[in-house]
2 protein chains.
Amino acid sequence: MNGLVPGFTGSTLDRADLIRNDPEQLAALTASLSARLIKLDGLDPVIGPDGLLGWTSLADAEGELIFLGLQDGKPRFAEVRPGIPDGFSRSPAIFHILDALPPGEAGTYAAARSLIDWHMRHGFCARCGSATAMFRGGWGRQCLGCSAEHFPRVDPVVIMLAEHEGRVLVGRQPRYPAGRYSALAGFLEPGESIEEAVARELHEEAGVRVSQVHYVASQPWPFPSSLMIACIAHVEDDALTIDYTELEDAIWVTRDEVEASLGGDPGAPFLSPPHYAIAHTLFRRWLAGG
Amino acid sequence: MNGLVPGFTGSTLDRADLIRNDPEQLAALTASLSARLIKLDGLDPVIGPDGLLGWTSLADAEGELIFLGLQDGKPRFAEVRPGIPDGFSRSPAIFHILDALPPGEAGTYAAARSLIDWHMRHGFCARCGSATAMFRGGWGRQCLGCSAEHFPRVDPVVIMLAEHEGRVLVGRQPRYPAGRYSALAGFLEPGESIEEAVARELHEEAGVRVSQVHYVASQPWPFPSSLMIACIAHVEDDALTIDYTELEDAIWVTRDEVEASLGGDPGAPFLSPPHYAIAHTLFRRWLAGG
């Protein structure tokens, strides 16, 4: 884990999307003795003795099944079990688990977590208010009243380093652990491109004007279901006007300071984001030249 | 319009997001004589004699107002008027209008159209089925039953050219106009990165295996509310296994052939996508070297 590859990527799951729409094949896979169910505690993964995701038999399922895909030749499922907390609340345990989980395993988990959470929050039709039911192997819900089809939501988020004369801008949200600073971020809105969202967010939160935006990398972020899009943005002027409703603080940091933070140096000016967060990858890629 | 800048980008609208959460300021802007309402026919823009978006006075509004932002010093609004068709259906007129509309104007229109359509399809809470009401100046809805907050949806879509030894792969969907081929595309799913979605879609639709993915550009696409993420993907082997449930055909084309198509040459092997579609930008950027 050198941090150049984004967390939550590299899953070896084959989503086998054609099977989702084939009820007969889906039934056969569900009945198969090789079928496996992802083991969760609430929405957190249960890790096996090998340090990887734990899986169990479908006999243990109590809820509705989502077909995740095929992995190592085995059909993989997740279940929507009533009564689990929604994905907006994160347990304190999850970040310790993610610290130790390989990125590909975290990717498979991310798909399961985001899907389960989406089903739990979409029992009703946004269009007519009637109840909805799962269809397509768990990759959608259909309204029992008006027949409208609903599909799992993915929310694009831009996350970016503003760059000015060899320094980058990092900010601190009030909810961060003590000492933590990270790249600025925000939800992309209807009617804008990635580059426009980056420019808007940097202007809104820090008052800087962007001249150029470069895409760097992306990752899924399952809290509850974002697509993180990481960019570097060049700015002409380093004067800041901080929006204190969003940020507690924002500072310009040098390469040496970022290097010290990523290395865990106790004298570093800030505590870096964890390796599985794409802000970490963004810092590493910036240090590596872009 | 040289096609290198994506369509629907370059809007000069200032979204002024702080105003959305300030009911007093919002009320003052709504009462202001300088306030303007975007003129629509159903969901299509009404174009003024100057070839730009038409705007009228708020006195003409019959529905609920969305605060789009500030432009040329004037507050700009859109209205959710009951009874207009939803954004999944596109009128035949819209593509002719977009042919002539400058990209920045199309960007402002895209924000309005996607937001209006989202409100029309989200009158009820997906969580509990109760009615919802607009809040935050139209940038969200809140449930009148359980108080859950809902925000406008943006669906990330990957659109990509597979590249192999100087040729790129273009495909044809049954619903395309006669002769049209374009870049392959598909919705990004929960739990995957942009790069993974590109690799999955190319494998699902054309049977090719991707070795490297490069991001090229992005644009909003308001039918009903996508974020188009355009990439080029290198493949090692050009053998195709086409998924005929998705595509009618897929072919490899050379630089000269793409150039002829973009130039409207009657002898070209395919009809190119319109300039406001990011597939067009993707072709132009590929010809320009990536």
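It should be emphasised that the depicted structure is a prediction, and the values quoted were computed from it without experimental measurement.

Observations regarding the overall build of chain A
So, point 1. Across its full length, chain A holds 7 helices and 15 strands.
So, point 2. What you see for chain A is a C-alpha radius of gyration of 21 Å, in line with the 19 Å of a compact globule of 290 residues.
So, point 3. Each principal axis of the C-alpha atoms in chain A carries an extent, and together these give about 60 × 45 × 30 Å.
So, point 4. Classification of the 290 residues of chain A by burial places 43% in the buried group.
So, point 5. When contacts within chain A are restricted to residue pairs at least 6 apart in sequence, those whose partners lie at least 24 apart make up 63%.

Brief notes about the environment of Pro-92 of chain B
Residue and element names in this part refer to chain B.
So, point 1. Turning to its location among the elements, Pro-92 is positioned in the loop between β6 (74-80) and α3 (93-100).
So, point 2. Classification of Pro-92 by C-beta neighbours within 10 Å gives exposed; the count is 7.
So, point 3. As for Pro-92 and Asp-44, which are separated by 48 residues in sequence, their C-alpha atoms are 10.0 Å apart.

Focus: the interface of chain A and chain B
Quoted interface sizes are often the accessible area lost when the parts come together.
So, point 1. The interface of chain A with chain B comprises 40 residues on the first partner and 40 residues on the second.
So, point 2. Counting residues per element, the ones that place at least two in the side of chain A that touches chain B are α4 (103-120), β10 (155-164), α5 (194-206) and β13 (210-221) of chain A.

Some words on the packing of helix α6 (residues 255-262) of chain A against helix α7 (residues 278-287) of chain A
Residues and elements named next belong to chain A.
So, point 1. Where α6 meets α7, the closest approach of the two axes is 11 Å, and the angle between their N-to-C directions is 135°. As far as their axial angle goes, α7 and α6 are oblique. Between α6 and α7 lies a crossing whose hand is left-handed. Taken together, the residues of α7 that come into contact with α6 (itself represented by Arg-255, Val-258, Glu-259 and Leu-262) are Phe-283, Arg-284 and Leu-287.

So, the relation of the copies chain A and chain B
So, point 1. Aligned on chain B, chain A shows an RMSD of 0.0 Å; the corresponding rotation is 180° and the shift along the axis is 0.0 Å. Within this description, the copies of the chain are treated as partners about a two-fold rotation axis. Among all C-alpha atoms of chain A, that of Gly-129 of chain A lies closest to the rotation axis, at 2.1 Å.
So, point 2. A high fraction, 100%, of the interface residues of chain A reappear at the interface in chain B, so the copies pair face to face through one surface.

Focus on helix α4 (residues 103-120) of chain B
So, point 1. With 18 residues, α4 of chain B should cover 26 Å at 1.5 Å per step; its first-to-last C-alpha distance of 25 Å lies within 8% of that length.
So, point 2. The buried fraction of α4 of chain B amounts to 16 of the 18 residues, a majority that puts the element mostly inside the structure.

Quick word on the domain arrangement of chain A
Residues and elements named next belong to chain A.
So, point 1. Domains assigned within chain A are domain 1 (17-121), domain 2 (123-152) and domain 3 (155-287).
So, point 2. Computed from C-alpha coordinates alone, the two centres of domain 1 and domain 3 are separated by 31 Å.
So, point 3. The partner domain 3 presents 7 residues to the 14 residues of domain 1 that form the contact.
So, point 4. Only α3 (93-100) and α4 provide two or more residues apiece to the side of domain 1 that touches domain 3.

Examining the nonpolar core
So, point 1. By size, the foremost hydrophobic cluster in this structure holds 138 residues, and its most contacted members are Met-160 and Cys-231 of chain A together with Met-160 and Cys-231 of chain B.
So, point 2. If sequence neighbours within four positions are ignored, Cys-231 of chain A has contacts with Val-158, Met-160, Ile-194, Val-198, Val-213, His-214, Tyr-215 and Val-216 of chain A.
So, point 3. Residues Phe-124 of chain A together with Phe-124, Cys-125 and Ala-126 of chain B belong to the second largest nonpolar core, which totals 6 residues.

Some words on the sheet that holds strand β9 (residues 149-150) of chain A
Residues and elements named next belong to chain A.
So, point 1. Reading across the sheet, the 3 strands line up as β7-β8-β9 and stay open at both edges, with antiparallel pairing between neighbours. The open sheet has two edge strands with one neighbour each: β7 (132-135) and β9.
So, point 2. Sheet topology places strand β8 (residues 140-143) next to β9; 2 bridges connect them, and they run antiparallel. When the sheet's bridge partners are listed, Arg-141 is paired in β9 with His-150.

Observations concerning the sheet that holds strand β5 (residues 64-71) of chain A
All names here are of chain A.
So, point 1. Overall, mixed pairing links the 4 strands, which are arranged β4-β1-β6-β5 in an open sheet. Each having just a single partner strand, β4 (55-57) and β5 make up the two edges of the open sheet. Recorded for the sheet is a direction-independent mean angle of 40° between the axes of neighbouring strands.
So, point 2. Of the strand pairs in this sheet, strand β1 (residues 36-38) and strand β6 (residues 74-80) are connected by 2 bridges, and their pairing is parallel. Among the inter-strand pairings, Arg-36 is bridged to a residue of β6, identified as Arg-76.
So, point 3. Taken strand by strand, α4 contacts β1, β5 and β6, and its axis lies near 35° from that of β6.

Focus on unusual backbone geometry
If a residue is not glycine, its phi is most likely negative; likewise, a peptide bond is most likely trans.
Residue and element names in this part refer to chain A.
So, point 1. Residue Pro-224 follows Phe-223 across a cis peptide bond; omega there is -5°.
So, point 2. Note on placement: Pro-224 falls in the loop between β13 and β14 (226-235).
So, point 3. For Phe-8, which is not a glycine, the phi torsion comes out positive at approximately 65°.
So, point 4. Within the fold, Phe-8 resides in the segment before α1 (17-20).
So, point 5. We classify Phe-8 as buried; it has 29 C-beta atoms within 10 Å.
So, point 6. In this structure, Ala-16 takes a positive phi of about 40° despite not being glycine.
So, point 7. Position of Ala-16 relative to the elements: it lies in the segment before α1.
So, point 8. Judged by C-beta crowding, with 19 C-beta atoms within 10 Å, Ala-16 ranks as partly exposed.

Comments concerning the environment of Ala-59 of chain B
So, point 1. With respect to the helices and strands, Ala-59 of chain B occurs in the loop between β4 (55-57) and β5 (64-71).
So, point 2. Sequence separation between Ala-59 of chain B and Gln-142 of chain B is 83 residues; the distance between their C-alpha atoms is 26 Å.

Some points on helix α7 (residues 278-287) of chain B
Every α-helix winds through 3.6 residues per turn, so residues three or four apart in the chain are directed the same way.
Residues and elements named next belong to chain B.
So, point 1. Within α7, 7 of the 10 residues are buried, which leaves it mostly tucked inside the rest of the structure.
So, point 2. Along α7, the positions that sit buried rather than exposed are Ile-278, Ala-279, His-280, Thr-281, Leu-282, Phe-283 and Arg-284.
So, point 3. On the buried face of α7, the contacting elements are β10 (155-164), β13 (210-221), β14 (226-235) and α6 (255-262).
So, point 4. Two residues or fewer after α7 comes Gly-289, characterised by a positive phi angle close to 110°.

So, the confidence of the model for chain A
So, point 1. Mean pLDDT for chain A: 95, with 98% of residues reaching 70 or above.
So, point 2. Scored by ipTM, the complex comes to 0.97, with pTM at 0.97.

Side note on the pairing of β6 of chain A
For a regular strand, side-chain orientation follows a simple rule: the groups alternate between the two sheet faces.
So, point 1. For β6 of chain A, a buried count of 6 out of 7 residues is recorded, marking the element as mostly surrounded by other parts of the structure.
So, point 2. With antiparallel pairing between neighbouring strands as the criterion, β5 of chain A and β6 of chain A make up a hairpin whose turn holds 2 residues, including Asp-72 of chain A at a positive phi of roughly 50°.

Rules and cut-offs
Residues numbered from 1 in each chain as written. Chains lettered and ligands numbered in written order. Predicted model: local features only at pLDDT ≥ 70, side-chain atom pairs only at ≥ 80, totals over all residues. Helix = DSSP H or I, 4+ residues; strand = E, 2+ residues; numbered from the N terminus. Rg over C-alpha atoms; globule rule 2.2 N^0.38 Å. Buried ≥ 20, exposed ≤ 12 C-beta atoms within 10 Å, placed from the backbone. Contact = placed C-beta atoms within 7 Å. Axes fitted to C-alpha atoms, helices over the stretch in contact; angles between N-to-C directions. Parallel < 35°, antiparallel > 145°, perpendicular 65-115°, else oblique. Left-handed = near helix turned anticlockwise from the far one by under 90°. Least-squares fit on C-alpha atoms with pLDDT ≥ 70 in both. Expected span 1.5 Å × (residues − 1). Domains from an automatic or database assignment. Core = buried A, V, L, I, M, F, W, Y, C linked by C-beta atoms within 7 Å. Pairing = 2+ DSSP bridges. pLDDT = per-residue confidence, 0-100.

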